[in-house]
Amino acid sequence: MNRAPLKRSRILHMALMGASDPSGEAEAGKEKPFLLRALQITLVVSLYWVTSISMVFLNKYLLDSPSLQLDTPIFVTFYQCLVTTLLCKSLSMLAACCPGAMDFPALRLDLRVARSVLPLSVVFIGMITFNNLCLKYVGVAFYNVGRSLTTVFNVLLSYLLLKQTTSFYALLTCGIIIGGFWLGVDQEGAEGTLSWTGTLFGVLASLCVSLNAIYTKKVLPAVDGSIWRLTFYNNVNACVLFLPLLLLLGELQTLRDFSQLGSTHFWGMMTLGGLFGFAIGYVTGLQIKFTSPLTHNVSGTAKACAQTVLAVLYYEETKSFLWWTSNMMVLGGSSAYTWVRGWEMKKIQEEPSPKEDERSSMGV
């Protein structure tokens, strides 16, 4: 029996709701030998780690490299959105020319759909811009702690916007994350490397990531549930909205005076950053598909830990015991929250419905 391909709308739903795809996992377990399945998972997780970590280090180079000395964070973000837009359109045209070679939805710019996606696009712009601004002002080692409040905002916004309550144990893990965040800020200050500007941008980035997840669920029907269509419209809208910002902030003038404007190395690095930005969305969905949303979150936490260690080694930094403790609190709290939510979801799924209880009590 052939397995039906897992739609990206289903992948996103799984990621947001914390539910796995049991039918797919069961079929995969029956159809594929253990070693082959293990090898596939290893390759997919490795691809996610390499793509994500490489993107962070490359963006840090583009945003705050002494050798480049380019102070245009909005332009860097705009260019990455432009690359993603062009890649989406190119893959759509390629899929239309070679229907059997690849599976990619047809993309045609519809202004009505673009307007429907616009509220999400504003949040999306805030998310990617504040992420890059945070990375510009803080070190890669502190980057994960600086943006660690996403889980806390998820809980807060779920209550304020969706009226969803959170269990005591989940709230306890959020308390650990907040404690780790404040300890990290304190230790960065003690070492003289704290940037309040970068920390503020990190908090705003965390807020936008949470809002992005909520608004994505609302906007998906406008693009027929297609993540690629949503990616295309989000980045098209972002490119348009970034243009007045580039003019107002004077980044076009700064770019005009940039000494390496004609350098192929510079544009190669910029384009590579755009490719990584496009690829991270694909490999994230791929990791969820081959593992589960819970495993994806655990993998992301472990990746953040590895990224922090690599940054400390690469930039030859020396960190205190309390600084490392703050990182472990943030990563441990995030992992604990993921485990608690997964356990609660599993418990809900295993609980019999009221009708089943009635039937069992009646002996039916």
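Computed from a prediction, not measured in an experiment: that's the story for all the values here.

Basis of the calculations
Residues numbered from 1 in each chain as written. Predicted model: local features only at pLDDT ≥ 70, side-chain atom pairs only at ≥ 80, totals over all residues. Heavy atoms only, no water. Helix = DSSP H or I, 4+ residues; strand = E, 2+ residues; numbered from the N terminus. Contact = heavy atoms within 4.5 Å. Areas by Shrake-Rupley, 256 points an atom, 1.4 Å probe, with all protein chains shown as cover. UniProt positions renumbered as here; feature names shortened; annotations may be inferred. Buried < 20%, exposed > 50% of the residue type's maximum accessible area, 1.4 Å probe, protein only. Axes fitted to C-alpha atoms, helices over the stretch in contact; angles between N-to-C directions. Parallel < 35°, antiparallel > 145°, perpendicular 65-115°, else oblique. Nonpolar A, V, L, I, M, F, W, Y, C, P; charged D, E, K, R; others polar.

How should the overall build of the chain be read in this particular structure?
For the chain, the count of helices and strands is 15 helices and zero strands. Sequence-distant contacts in the chain: of pairs separated by 6 or more residues, those separated by 24 or more amount to 82%. Of the roughly 19100 Å² that the chain leaves accessible, carbon and sulfur atoms contribute 66%.

Would you explain the UniProt feature "transmembrane region" (unreviewed entry) in the chain in this entry?
Under the local residue numbering, the UniProt record ascribes the feature "transmembrane region" (unreviewed entry) to residues 34–57, 77–101, 113–130, 142–161, 168–185, 197–215, 227–246 and 266–286. Taken end to end, residues 113–130 is 100% helix and 0% strand, and its first and last C-alpha atoms sit 25 Å apart. The distance separating the terminal C-alpha atoms of residues 227–246 is 28 Å; by composition the span is 100% helix and 0% strand.

Would you mind showing me how to read unusual backbone geometry here?
Most peptide bonds adopt trans geometry, and most residues besides glycine take a negative phi value. Even without being glycine, Gln69 reaches a positive phi, approximately 55°. For Gln69, the position within the fold is in the loop between α3 (34–64) and α4 (73–97). Note on Gln69: relative accessible area 67%, which makes it exposed. Non-glycine residue Asp224 carries a positive phi angle of around 60°. Relative to the helices and strands, Asp224 is located in the loop between α9 (196–219) and α10 (227–248).

Where do I start with the environment of Leu183 in this structure?
Structurally, Leu183 can be placed in helix α8 (residues 168–190). Under the relative-accessibility criterion, Leu183 is labelled buried at 19%. Sequence spacing of Leu183 and Val145 is 38 residues, and the spatial spacing of their C-alpha atoms is 9.6 Å. The residues contacting Leu183, other than those within four sequence positions of it, are Leu322, Thr325, Ser326 and Met329.

Just checking my understanding: could you explain the packing of α3 against helix α5 (residues 111–137) for this structure?
Packed helices, taken two at a time, are described by the angle between their axes plus the distance between the axes. Where α3 meets α5, the closest approach of the two axes is 9 Å, and the angle between their N-to-C directions is 70°. One element, α3, and the other, α5, form an angle in the roughly perpendicular class. Residues Val56, Asn59, Lys60, Leu63 and Asp64 of α3 pack against Asn132, Leu135 and Lys136 of α5. Counted by class, the contact of α3 with α5 contains three nonpolar, two polar and three charged residues.

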